[in-house]
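Structural features, examined
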Amino acid sequence: MPVDSISKIEIAFVASDAPIAQAAKVALTLQYGGVAVENADIIVALGGDGFMLETLHGTQDLPAPVYGMNRGTVGFLMNNYSAQGLRDRLAKAQEEVMNPLHMTATCVNGTQHNALAINEVSLLRAGPQAAKLRIHVDGKLRMDELVCDGALLATPAGSTAYNYSAHGPILPIGSDVLALTAVAAFRPRRWRGALLPKSAHVTFDVTNAAKRPVNVDADGVSVKDVKQVVVWSAPEITHRILFDPGHGLEERLIQEQFA
């Protein structure tokens, strides 16, 4: 965006419930003004990564990109906070575009639930016994039985989150792959997961769901007692995030691997 036009843009400030984020919203609104998100050219989100995901989901039908500033505990998707020079930072910000995952979960009682996930869709056991999962990729059986605490499918943007803590790979931004990662796999004991093309449709069938219940989560949307979960990328939906130059997702992903 040209620097000479940045003074004319309309900014919407949104904040998490954390007192530090709410205080920042008040201060920034007094300094720079503010409009409703529906009328904004840029949305500035104040909080942590969880609030950034909430903001992206809540504004996905709006044309404005989102620029985050960290007023939370985790800030992988956020820029450093500063009340000074914000319009200049917005003028120089670089845009990253991400596509979420679509999830359709079918419960034991037959009900279906749909959700979108920017980071990952994760299945986790809900009882004392390990989950038993059967995995199809694009309709082809790839694993007849995975005995585990759970499994997840992560996007490149989400590969440094739960996926990484489960020993999954960090994926470069812009790579057309998804990470399928096991959580504490018991059988096959040494299976850590697979890299799949972004176009893949992954189906998780929960075998013996009544005895070994499983829950699924998609960016905070939780569904209990599932018997089948189907996940695929949603390229028709785009999330636009702004980062300060030299601090975009690609650089952050590289930093994580040398931390």
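As annotated in an unreviewed UniProt entry, the protein chain carries the name NAD kinase and comes from Octadecabacter arcticus 238. In its Catalytic activity (unreviewed entry) section, the UniProt entry covering the protein chain states "NAD(+) + ATP = ADP + NADP(+) + H(+)". What UniProt records for the protein chain under Sequence similarities (unreviewed entry) is the sentence "Belongs to the NAD kinase family."

**Here we look at the overall build of the protein chain**
Within the protein chain, the secondary structure is distributed over 5 helices and 17 strands. Compactness check: the protein chain gives a C-alpha radius of gyration of 20 Å against a globular reference of 18 Å for 259 residues, within 12% of the reference. For the C-alpha atoms alone, the extent of the protein chain along its principal axes is close to 60 × 35 × 30 Å. Looking at the 259 residues of the protein chain, the share that counts as buried comes to 51%. Summarising the internal contacts of the protein chain: among those between residues at least 6 apart in sequence, 66% fall at separations of at least 24. In the form shown here, the protein chain has an accessible surface area of approximately 12,200 Å², with 51% of it arising from carbon and sulfur atoms. Positive and negative side-chain charges of the protein chain, numbering 22 and 26 respectively, have mean locations separated by a distance of 10 Å.

**Notes on the pattern of salt bridges**
Across all of its chains, the model carries 6 salt bridges by this definition. Across the pair D88 and K92 runs a salt bridge, and its minimum N-O distance is 3.2 Å. Highlighted residues: D88 and K92, both in helix α3 (residues 86-92), separated by 4 residues, approximately one helical turn. Classification of K92 by relative accessible area gives partly exposed; the value is 48%.

**What to know about the pairing of strand β13 (residues 201-206)**
Summarising burial for β13: 5 of the 6 residues are buried, a large majority. Alignment of β13 against strand β16 (residues 226-233), held across 5 bridges, turns out to be antiparallel. The residue of β16 that forms the bridge with H201 is W232.

**Section: the UniProt feature "active site" (unreviewed entry) in the protein chain**
Those residues carrying the UniProt feature "active site" (unreviewed entry) are D49 in this numbering. Examined against the element boundaries, D49 turns out to sit in helix α2 (residues 49-58). Leave out the neighbours within four places in its chain, and D49 touches V74, G75, F76, L77 and M78.

**Comments concerning the packing of aromatic side chains**
What characterises a pair of aromatic rings is the spacing of the ring centres plus the angle enclosed by the ring planes. Applying the stated criterion to the full structure yields 0 aromatic pairs. Against the face of F186 rests R187, its NZ or CZ located 4.5 Å from the ring centre.

**A few points about the layout of surface pockets**
Counted as a void, the largest pocket has a volume near 210 Å³. In terms of lining, the largest pocket is formed by 17 residues, of which the most central are V97, M98, N99, P156 and K198. At the level of elements, β4 (94-98) and β11 (177-183) are the ones that each hand at least two residues to the lining of the largest pocket. Each residue belonging to the lining of the largest pocket can be placed in one class, and the counts come to 10 nonpolar, 5 polar and 2 charged.

**Focus: the sheet that holds β13**
Spatially, the 6 strands line up as an open sheet ordered β6-β5-β16-β13-β8-β9, and their pairing is antiparallel. Looking at the sheet topology across the chains shown, the edges are occupied by β6 (112-117) and β9 (140-148). Mean inter-strand twist for the sheet, computed between neighbouring axes without regard to direction, equals 20°. Here strand β8 (residues 131-137) runs beside β13; their pairing, made up of 5 bridges, is antiparallel. When the sheet's bridge partners are listed, H136 is paired in β13 with T203.

**Topic: the pairing of strand β7 (residues 120-125)**
Sheet topology places β7 next to strand β10 (residues 150-154); 5 bridges connect them, and they run antiparallel. Its bridge partner lying in β10, S122 is registered against L152. The sheet contact formed by β7 and strand β14 (residues 214-218) spans 5 bridges and is antiparallel. In the strand pairing of β14, R125 is matched with V214.

**Side note on the nonpolar core**
In terms of nonpolar packing, the biggest core is built from 34 residues, with F204 and V229 touching the most fellow members. Residues contacting V229, with those up to four places away along its chain left out, are M103, T104, A105, V121, L123, V202, T203, F204 and V216. Core analysis: the second largest hydrophobic core is formed by 20 residues, V14, L56, A64 and V66 among them.

What counts as what
Residues numbered from 1 in each chain as written. Predicted model: local features only at pLDDT ≥ 70, side-chain atom pairs only at ≥ 80, totals over all residues. Heavy atoms only, no water. UniProt positions renumbered as here; feature names shortened; annotations may be inferred. Helix = DSSP H or I, 4+ residues; strand = E, 2+ residues; numbered from the N terminus. Rg over C-alpha atoms; globule rule 2.2 N^0.38 Å. Buried < 20%, exposed > 50% of the residue type's maximum accessible area, 1.4 Å probe, protein only. Contact = heavy atoms within 4.5 Å. Areas by Shrake-Rupley, 256 points an atom, 1.4 Å probe, with all protein chains shown as cover. Lys, Arg positive; Asp, Glu negative; His and termini not counted. Charge placed at Lys NZ, Arg CZ, Asp CG, Glu CD. Salt bridge = Lys/Arg side-chain N within 4 Å of Asp/Glu carboxyl O. Pairing = 2+ DSSP bridges. Phe/Tyr/Trp six-rings, centres within 6.5 Å; stacked < 30°, edge-to-face > 60°. Lys NZ or Arg CZ within 6 Å of the ring centre and 35° of its normal. 1 Å grid on protein atoms, 1.4 Å probe; cavity = no way out; pocket = protein on both sides within 12 Å on 5 of 7 lines; lining within 4 Å. Points joined across faces, edges and corners; volume = space filled by probe spheres on them. Nonpolar A, V, L, I, M, F, W, Y, C, P; charged D, E, K, R; others polar. Axes fitted to C-alpha atoms, helices over the stretch in contact; angles between N-to-C directions. Core = buried A, V, L, I, M, F, W, Y, C linked by side-chain atoms within 4.5 Å.

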